[in-house]
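# Geometric and topological summary
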Protein chains: 2
Amino acid sequence: MAKDFSWLYRGVAEIFPQSHDTDSETESLEKRLLNADHPLRIKLGIDPTGADIHLGHSIPVRKLRAFQDAGHTAVLIIGDFTARIGDPTGKSDVRRQLTEEDVSQNAQTYLEQVRPILDFDTPGRLEVHYNSQWLSGLDLAKILELLSTMTVGQMLAKEGFAERYKKENPIFLHEFLYPLMQGFDSVAIRSDVELGGTDQKFNIAVGRDLQRHFGLRPQFGLLLPILIGTDGIQKMSKSLGNYVGLSEHPSQKYQKLQGVPDHLLTQYFELLTDLPLDTLPDNPRDRQQFLAWEIVRQYHGEIQANQAQEAAKSKGKEGVLPEFSLANITQFPAKLAHILSASGLCKSTGEGKRKIQEGGVRLDGEKITDVDLTFFGPGDLSGKVLQVGKKNFVRIVP
Amino acid sequence: MAKDFSWLYRGVAEIFPQSHDTDSETESLEKRLLNADHPLRIKLGIDPTGADIHLGHSIPVRKLRAFQDAGHTAVLIIGDFTARIGDPTGKSDVRRQLTEEDVSQNAQTYLEQVRPILDFDTPGRLEVHYNSQWLSGLDLAKILELLSTMTVGQMLAKEGFAERYKKENPIFLHEFLYPLMQGFDSVAIRSDVELGGTDQKFNIAVGRDLQRHFGLRPQFGLLLPILIGTDGIQKMSKSLGNYVGLSEHPSQKYQKLQGVPDHLLTQYFELLTDLPLDTLPDNPRDRQQFLAWEIVRQYHGEIQANQAQEAAKSKGKEGVLPEFSLANITQFPAKLAHILSASGLCKSTGEGKRKIQEGGVRLDGEKITDVDLTFFGPGDLSGKVLQVGKKNFVRIVP
């Protein structure tokens, strides 16, 4: 009696272990799903150091939703422990130390953004945990035990470490603990499956080993591709500007998505929609517009999707946003609060400051928190979208 | 006004950092000693996994006494934390897990044995700490901080790790924590100087780095040579049988020491006595006997030293102990309790068992704790010295 597992395999890069792996204990993920007499626990780790997420991040979340729809429990792990301590060497900007408030605000923003994707309502389908809950209670004896499950050679084989070690770039010892901490999360929540990008294979495998070490049934790893950005070349990333943010305006989303290069369209449809791939329009231009429409529809509904499409058609590439010209700013350096006032988004510089303090101001989708943020010339602003609250946008033009 | 520091330099292999090191913060140890307006804290770490210690172990303890006599504080660190958790991989016999009781008994036995060397009586001259006091309170954040002070490359440069990594012998990750734990002991007790064998240079240097990291004045390392055993070839070690135990009978000590090869005599005098080296007898045989006498005198006083010497002279190599012939044991396997009774050291097998239980029985200086210890033939016993309490000995002969 074959069951349909197309929801499981759609867009997946790798599931491990495979049933044909030589490990004698190995079952297949299909078998575990078929034999489950209670909901399986599907883990996805969330890094709460940044607030805004993009379509690339949405891919494992969408797979999580597929598991929810099959009756299983999504377990989101907010990695607050690491975010709270930051990078102990103080050398990494990426791991700057966040306050408890930062972390909880970022986590809240994350949950708001994935709300259109996940099932938040059916009882038993979603759990959210902060990993400080178990990590902050670990003592030296337990940490020695965690470390003792792996050798230096195994750790240095990990992608990233291997190259750095070869190039004699310093690897600090505490970095070896991070994969074990992520692995211990799997022990703590007793996950059956962990989702992640293909770059997470090592960490997810560590989770398997630790679960086995602690006498638990090891999880499966389900790896998803890393999404290529709208430039068609590099992986989607905010800093590269080739991203589509989940909190962006429907028209912005539509604009960006109708420019996705043809060679990526099938993958975008596969990873970002549930549409059958054999029903897509033949014409590439039609496919682009259909993709853009469908994704806007997912996050904002049909009406907004139609509006965004209409607007894009009538206005061409520049989109439907009101524009604010930097010619109106007579003097640089200029504070953002002043620009908010000059553009009419706020009634005064004072209101601009208040809105920033309240967390209601975004520049190209990124929340601005520095009240004194200052720009030294038009080059830093031109082409960006400035936003106050959920509905007020201007596109900044020269 | 030069002060006499000959007590400091006698027998020392290395003191680091030297005053001519390029580190701008570097003072010399002499300067720190001269400028001290309160007693300096001199650290020596003790491994409580074995109960009995030998003359090799006594060398840093003797140096500690020299610091005490110069007015400073000896700080003994009992490494109970590591001993209590054992080796988390369970693969090492050396790091078998000890109970709290084992550890405290071993520590007690250690202190008894070094009592003739150290100043236990002058107030403020001796502190004894168990490192579980601070190590068991470390949490994950603190441990990440400790680990972040070093790189993988630095750790793999450590003697021992380097060879194992090159040979692809597994190094387990928790092993990287041990030098940091020993280093953190220096932070916890704020040591000014740490004593150790030349094999401890890396660990003591880690202590310096951690003290600096935590804003403390870094300690000096004072390294002492590893003693060559009475065979004149390998380092003194119980398992090699080339050792002189501090708890051995005066006559045993004398016997062993009068056999120390000529090429080691100067070093033995330098490391194990306070005698001016230019007053030693010219004749090698006289030097051997003088060494044996002087060391027995240190631990047991002049009368015992004279007796041991007399006995050795009159009886030659066999010594002065009453002998018990294994011909009296008619049947093997034989329990030690039975041999204690047969030899007359105990009145009955029952008393033999009681004495073992009380910890009063030693075989070649090693305390026996297994009431049911059984020998399967005379070969395991012949030539050894059996002892009950402090004064009753027999030498077992075939």
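Within any chain, residue numbers begin from 1 and follow the written order of that chain's sequence. Labels follow written order: the first chain is A, the first ligand is 1, and so on. Given that this is a predicted model, residues contribute local features only at a pLDDT of at least 70 and side-chain atom pairs are listed and counted only at 80 or more, while totals for whole chains, interfaces and linings are drawn from all residues. Side-chain measures were taken over the full set of non-hydrogen atoms in the model, leaving aside hydrogen atoms and water.

Identification of chain A as Tyrosine--tRNA ligase from Cylindrospermopsis curvispora GIHE-G1 is taken from an unreviewed UniProt entry. UniProt positions are given in the numbering used here, feature names are shortened, and annotations may be inferred rather than shown by experiment. Taken directly from UniProt, the Subcellular location (unreviewed entry) text for chain A runs: "Cytoplasm". Looking at chain A in UniProt, the text filed under Function (unreviewed entry) is "Catalyzes the attachment of tyrosine to tRNA(Tyr) in a two-step reaction: tyrosine is first activated by ATP to form Tyr-AMP and then transferred to the acceptor end of tRNA(Tyr)."

Now for the overall build of chain A. By the criteria applied, helices consist of DSSP H or I runs no shorter than four residues and strands consist of E runs no shorter than two, each listed in order from the N terminus. A tally of regular secondary structure across chain A gives 17 helices and 13 strands. Throughout, radius of gyration means the C-alpha value; the globule benchmark is 2.2 Å times the number of residues raised to the power 0.38. Since a compact globule built from 398 residues should have a radius of gyration of about 21 Å, the 23 Å found for chain A is in line with a globular shape. Along the three orthogonal principal directions, the C-alpha set of chain A runs to about 70 × 50 × 45 Å. Exposed residues in this analysis have more than 50% of their type's maximum accessible area, buried residues have under 20%, and partly exposed residues fall in between, with area computed by a 1.4 Å probe over protein chains only. Counting the 398 residues in chain A, one finds 50% classified as buried. Only heavy atoms enter the contact rule, under which two residues are in contact if any of them lie within 4.5 Å. In chain A, of all internal contacts separated by at least 6 residues, the share reaching a separation of at least 24 is 69%. The Shrake-Rupley method, run with a 1.4 Å probe, gives the accessible areas here. Residue values count only the displayed protein chains as cover. Here chain A has roughly 18,600 Å² of accessible surface; of this, 47% comes from carbon and sulfur atoms. Charge assignment in this entry is limited to Lys and Arg as positive and Asp and Glu as negative, and neither His nor the chain termini are counted. In this description, the location of a charge corresponds to atom NZ of lysine, CZ of arginine, CG of aspartate or CD of glutamate. Across chain A, the 46 positively charged side chains and the 52 negatively charged ones have centroids separated by 3 Å.

A pair of packed helices is characterised by two quantities: the angle between their axes and the separation of those axes. Residues and elements named next belong to chain A. Structural elements are reduced to axes, namely lines fitted to C-alpha atoms, with helices fitted over the stretch in contact, and the angle between N-to-C directions of any two is expressed from 0 to 180 degrees. The interhelical angle for the contact between helix α10 (residues 177-189) and helix α11 (residues 201-213), taken along N-to-C directions, is 55 degrees, at an axis separation of 7 Å. With respect to their mutual orientation, α10 and α11 come out oblique. Seen from above, α10 lies across α11 with right-handed handedness. Packed against α10, whose contacting residues are Pro179, Leu180, Gln182, Gly183, Phe184, Ser186 and Val187, the element α11 presents Phe202, Asn203, Val206, Gly207, Leu210 and Gln211 at the interface. Tallied by class, residues from the contact of α10 with α11 come to 7 nonpolar, 6 polar and no charged. Any angle that falls under 35 degrees is termed roughly parallel, while one over 145 is termed roughly antiparallel, one within 65 to 115 roughly perpendicular, and all others oblique. Should the near helix be turned anticlockwise from the far one by less than a right angle, the crossing is termed left-handed; should it be turned clockwise, right-handed. Note that Gly is not counted as nonpolar here; it falls among the polar residues with everything else outside the nonpolar set of Ala, Val, Leu, Ile, Met, Phe, Trp, Tyr, Cys and Pro and the charged set of Asp, Glu, Lys and Arg.

A few words now on the relation of the copies chain A and chain B. The transformation that overlays chain A on chain B combines an axial shift of 0.2 Å with a rotation of 178 degrees, and the residual RMSD is 0.5 Å. The two molecules are tied by a two-fold rotation axis, judged by turn and shift. When C-alpha distances to the rotation axis are compared across chain A, the minimum falls at A:Asp139, with a value of 2.4 Å. Interface overlap between copies is the fraction of interface residues in one copy that are interface residues in the other; for chain A against chain B it reaches 100%, indicating a shared surface. A residue counts toward the fit only if its pLDDT is at least 70 in both copies, and the copies are then superposed by least squares on the C-alpha atoms of those residues.

The next thing to look at is the sheet that holds strand β1 (residues 14-16) of chain A. All names here are of chain A. Here 6 strands make up an open sheet; going across it, the order is β1-β6-β5-β2-β3-β4 and the pairing mixed. The open sheet has two free edges, formed respectively by β1 and β4 (126-130), since each of these has just one partner strand. Across the sheet, the mean angle from the axis of one strand to that of its neighbour is 25 degrees, orientation sign disregarded. Pairing of strand β2 (residues 41-46) with strand β5 (residues 193-197), which is carried by 2 bridges, proceeds in the parallel orientation. In the strand pairing of β5, Lys43 is matched with Glu194. Contacts from α10 reach β2, β3 (73-78), β4 and β5, with the element oriented near 145 degrees to β2. Only strands that DSSP links by at least two bridges are regarded as paired with each other.

This part takes up the interface of chain A and chain B. On the chain B side, the residues contacting the 31 residues of chain A number 31 residues. Take the accessible area each of two parts loses on contact, using a 1.4 Å probe, and add the two losses: that sum is the buried area. Roughly 2,700 Å² of surface becomes buried between chain A and chain B when both sides are summed, with 82% attributable to carbon and sulfur atoms. Broken down residue by residue, the surface that chain A buries against chain B is led by A:Leu140, A:Leu144 and A:Leu173, which jointly contribute 27%. For salt bridges, the criterion is a side-chain nitrogen of Lys or Arg within 4 Å of an Asp or Glu carboxyl oxygen. Put simply, chain A and chain B have 0 salt bridges between them. Any N or O atom pair separated by 3.5 Å or less is treated as a polar contact, with the protein-specific requirement of one donor-capable and one acceptor-capable atom, and with residues adjacent in sequence counted only for side-chain atom pairs. The interface formed by chain A and chain B includes 4 residue pairs in polar contact (both at pLDDT 80 or more). Looking at the side of chain A that touches chain B, the elements that each hand over two or more residues are α4 (80-85), α7 (140-148), α8 (152-156) and α10 of chain A.

Under the UniProt annotation, the feature "short sequence motif: 'HIGH' region" (unreviewed entry) is placed at residues 48-57 of chain A. As annotated, residues 48-57 of chain A has a helix share of 30% and a strand share of 0%, and its two end C-alpha atoms lie 13 Å apart.

Time to look at the side chain of A:Asn106. Residue and element names in this part refer to chain A. Position of Asn106 among the secondary structure elements: in helix α5 (residues 100-114). Within the structure, the side chain of Asn106 is placed 2.8 Å from the backbone oxygen of Pro48, a separation counted as a polar contact. Residues in contact with Asn106, not counting those within four places in the same chain, are Pro48, Thr49, Gly50, Ala51 and Leu98.

Moving on, we come to the packing of aromatic side chains. Pairing of aromatic rings covers Phe, Tyr and Trp, the last counted by its six-membered ring, and requires centre-to-centre distances within 6.5 Å; plane angles under 30 degrees mean stacked, over 60 mean edge-to-face, and any other angle means tilted. The tally for this structure, following the rule as stated, stands at 11 aromatic pairs over all chains. Taking 5.1 Å as the distance between ring centres and 85 degrees as the angle between the ring planes, the aromatic pair formed by A:Trp7 and A:Phe67 counts as edge-to-face. With A:Trp7 in helix α1 (residues 6-9) and A:Phe67 in helix α3 (residues 55-69), this pair connects stretches of sequence that are 60 residues apart. An angle of 50 degrees between the planes, with centres 6.3 Å apart, marks the rings of B:Phe5 and B:Trp7 as tilted. Residue classification places B:Phe5 among the buried residues on the basis of a relative accessible area of 7%. Chaining the aromatic ring pairs together yields one cluster made of A:Phe5, A:Trp7 and A:Phe67. When the ring centre of A:Phe161 is taken as origin, the NZ or CZ atom of A:Lys158, which lies over that ring, is 5.8 Å away. We note B:Lys201 situated over the ring of B:Phe16; from NZ or CZ to the ring centre the distance is 5.1 Å. A ring is considered to have a charge above it if a Lys NZ or an Arg CZ atom is located within 6 Å of its centre and within 35 degrees of its normal.

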